[in-house]
Amino acid sequence: MEPAASDALIDALAQDLRRQDPALQLVTAAEAGELERLSRDYHDYSPVLVQRFAGKRAQLAVLATGVEQVRLVAGACARHAVPLTVRGAGTGNYGQCVPLAGGVVLDVTGLNRLRHLEPASGVIEVEAGAVMAAIDQQLAPHGRALRLLPSTWRSATIGGFIAGGSGGIGSLRWGFLRDPGNLLGLEVVTVEPEPRLLRLDAAASAPLNHAYGTNGILTALRLPTTEAVAWEQLVVGFARWEQALEAARALPATAFLLNGLTLLEAAIAARSPWPAGCPAAADGEHRLLLLAAPDALEPLPGWLAARGGALVWQAPQGASRGLPLRELCWNHTTLHWRAQVSGWTYLQLLLPDPPDPCLAALRRRWGDDLLWHLEAVRQQGAPRLAALPLLRWQGEERLQELMDQARSLGAVLFNPHVLTVEDGGLGVVDADQVAAKAAYDPAGLLNPGKLRGWAAADPDTI
Ligand SMILES: Cc1cc2nc3c(=O)[nH]c(=O)nc-3n(C[C@H](O)[C@H](O)[C@H](O)COP(=O)(O)OP(=O)(O)OC[C@H]3O[C@@H](n4cnc5c(N)ncnc54)[C@H](O)[C@@H]3O)c2cc1C
């Protein structure tokens, strides 16, 4: 897709913005490096996306610090018919915030206030650009914490997580972000010549949850929180994969309170960085990483030992040095591996239950070209194992072969090598997402080409 806006149109838009608010911070073509940075995220995990996103760049970026500035930018883009892509911290690994048709990138990290915490319920209202670690820091004195976190919790924004993430640490207890109950409401700016500021309830917010910012600009979110727990980090070693897998399946069905469960096969564990004081993995040692409540500490080592696991290291979260376990799981595992070994990519999938036949069949076919990293999650109320396996890159055909085989074995794929919202999810158009776009972005200016259902409804938009 070619940039939709001419240089003259972008200049006119910038002038319009400056005239309306001289304090508005703009990044223009004169700062090409900065524009490039603000057009990028972590999609370079995927060689396919690297190729498809080559040259996709914003023509102007705006750093907003308040809701009124967001409205101003939305209105100006609508009047000038310039594409607009919203950006949080830019940590997405599906290329969610890469502007496919150029235009404006709107950075909302300046909207970062925790507006309100309801003491009785723990419900919060927080601005979309707030970084999750900063939100948790403000909740801690009240004994509360966010329910779900990506492993990028230290840098990612809450709006970017809802718009572009899926789940992560805490998914073992709370499922996925789109599960009813995890998002209670949104404040949204529409993209129209006179933008509206709307407050949506939980039901009306659902179509904007995981829509990659294609059907409304989130300025604030209402979210439930959970009780703060002083999680303990445990690293457990297993000599046999089958035993480690069995423990990973059995633990979520116990009454131990866990917030994270990650299983790394030995080849990955051997190259993972570990917290200070945690020994490197021995040859052939598979590792189970747990975030467990303090009251699980006494019985857990015995429970694990009975299943072939030996406690290797333990420390309270927040009190260890080096990388915390929170940054050795989910897509941080992929990050660490790729930092050491070139020529690898990854997949994201939900394994069938039981997972053993699927894993065994894939292992037979792919051997050392596919290395297993599993995460425990709750899927529609039931404990399941998700996987973010590492894959030696051998081209698109081999990737497709692997995905076809995984699907035929009962796995559900969340393909991280595709452009659109739908193709990275279940592959089907969500009519409610498209209807929300018609209501809140009627000219289709929010990252055109990203919502396949909209493009299909209006071929002129691509
Ligand atoms: C090492 C690593 C580990 C990761 N681990 C996880 C994980 O555990 N779980 C997980 O779900 N993801 C994970 N991710 C992906 C990503 O970090 C998270 O989803 C993160 O929450 C995205 O937040 P962000 O602020 O970086 O959003 P961005 O990348 O800036 O944006 C993400 C999407 O949301 C849209 N968006 C951002 N803000 C708004 C807004 N205010 N209104 C409307 N749309 C908006 C953007 O347009 C884009 O489509 C990981 C990525 C990396 C690189």
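All values reported here derive from a predicted model rather than from experimental measurement. (Residues numbered from 1 in each chain as written. Predicted model: local features only at pLDDT ≥ 70, side-chain atom pairs only at ≥ 80, totals over all residues. Heavy atoms only, no water.)

S.K.: Sorry if this is basic, but what is going on with the sheet that holds strand β18 (residues 370-371) here?
M.R.: One key point about sheets: their strands pair by backbone hydrogen bonds, in either a parallel or an antiparallel sense. One open sheet holds the three strands; their spatial order is β16-β21-β18, and the pairing between them is antiparallel. The open sheet is flanked by β16 (344-346) and β18, the only strands paired with a single partner. Pairing of β18 with strand β21 (residues 390-392), which is carried by two bridges, proceeds in the antiparallel orientation. Bridging from a neighbouring strand, L371 pairs with L390 of β21. Contacts between helix α12 (residues 330-340) and the sheet are confined to β16, β18 and β21, with β16 contributing the most and set at about 175° to the helix. (Pairing = 2+ DSSP bridges. Helix = DSSP H or I, 4+ residues; strand = E, 2+ residues; numbered from the N terminus. Contact = heavy atoms within 4.5 Å. Axes fitted to C-alpha atoms, helices over the stretch in contact; angles between N-to-C directions.)

S.K.: For this particular structure, what's the right way to read the domain arrangement of the chain?
M.R.: Frequently, the measure chosen for interface size is the accessible area removed from exposure when the parts meet. Looking at the assigned domains, one finds that the chain contains domain 1 (114-227) and domain 2 (232-413). At the interface, 14 residues of domain 1 touch 17 residues of domain 2. When domain 1 packs against domain 2, close to 1500 Å² is buried across both sides, 58% of that on carbon and sulfur atoms. Interface area lost by domain 1 to domain 2 is led by S151, I169 and L172, which between them contribute 45%. For the pair domain 1 and domain 2, the interface holds one salt bridge. The closest approach of N and O atoms between R154 and E327, which form a salt bridge, is 2.6 Å. Counting every contact that joins domain 1 to domain 2 gives five residue pairs in polar contact (both at pLDDT 80 or more). Across the side of domain 1 that touches domain 2, the residue classes tally to five nonpolar, six polar and three charged. (Domains from an automatic or database assignment. Buried area = accessible area lost by both parts, 1.4 Å probe. Salt bridge = Lys/Arg side-chain N within 4 Å of Asp/Glu carboxyl O. Polar contact = N/O pair within 3.5 Å; in protein donor to acceptor, adjacent residues only side chain to side chain. Nonpolar A, V, L, I, M, F, W, Y, C, P; charged D, E, K, R; others polar.)

S.K.: Explain the site of the ligand here, please?
M.R.: Taken together, 37 residues form the shell around the ligand, and within it V86, G88, T91, T157 and G167 come nearest. In the model, an oxygen atom of the ligand is placed 2.8 Å from a nitrogen or oxygen of the A89 main chain. For the ligand, whose accessible area on its own is 970 Å², the fraction buried by protein is 98%. Mapped by element, the contributors of at least two residues to the shell around the ligand are β3 (84-87), α6 (158-164), β10 (217-223) and α12. (Near = heavy atom within 4 Å. Areas by Shrake-Rupley, 256 points an atom, 1.4 Å probe, with all protein chains shown as cover.)

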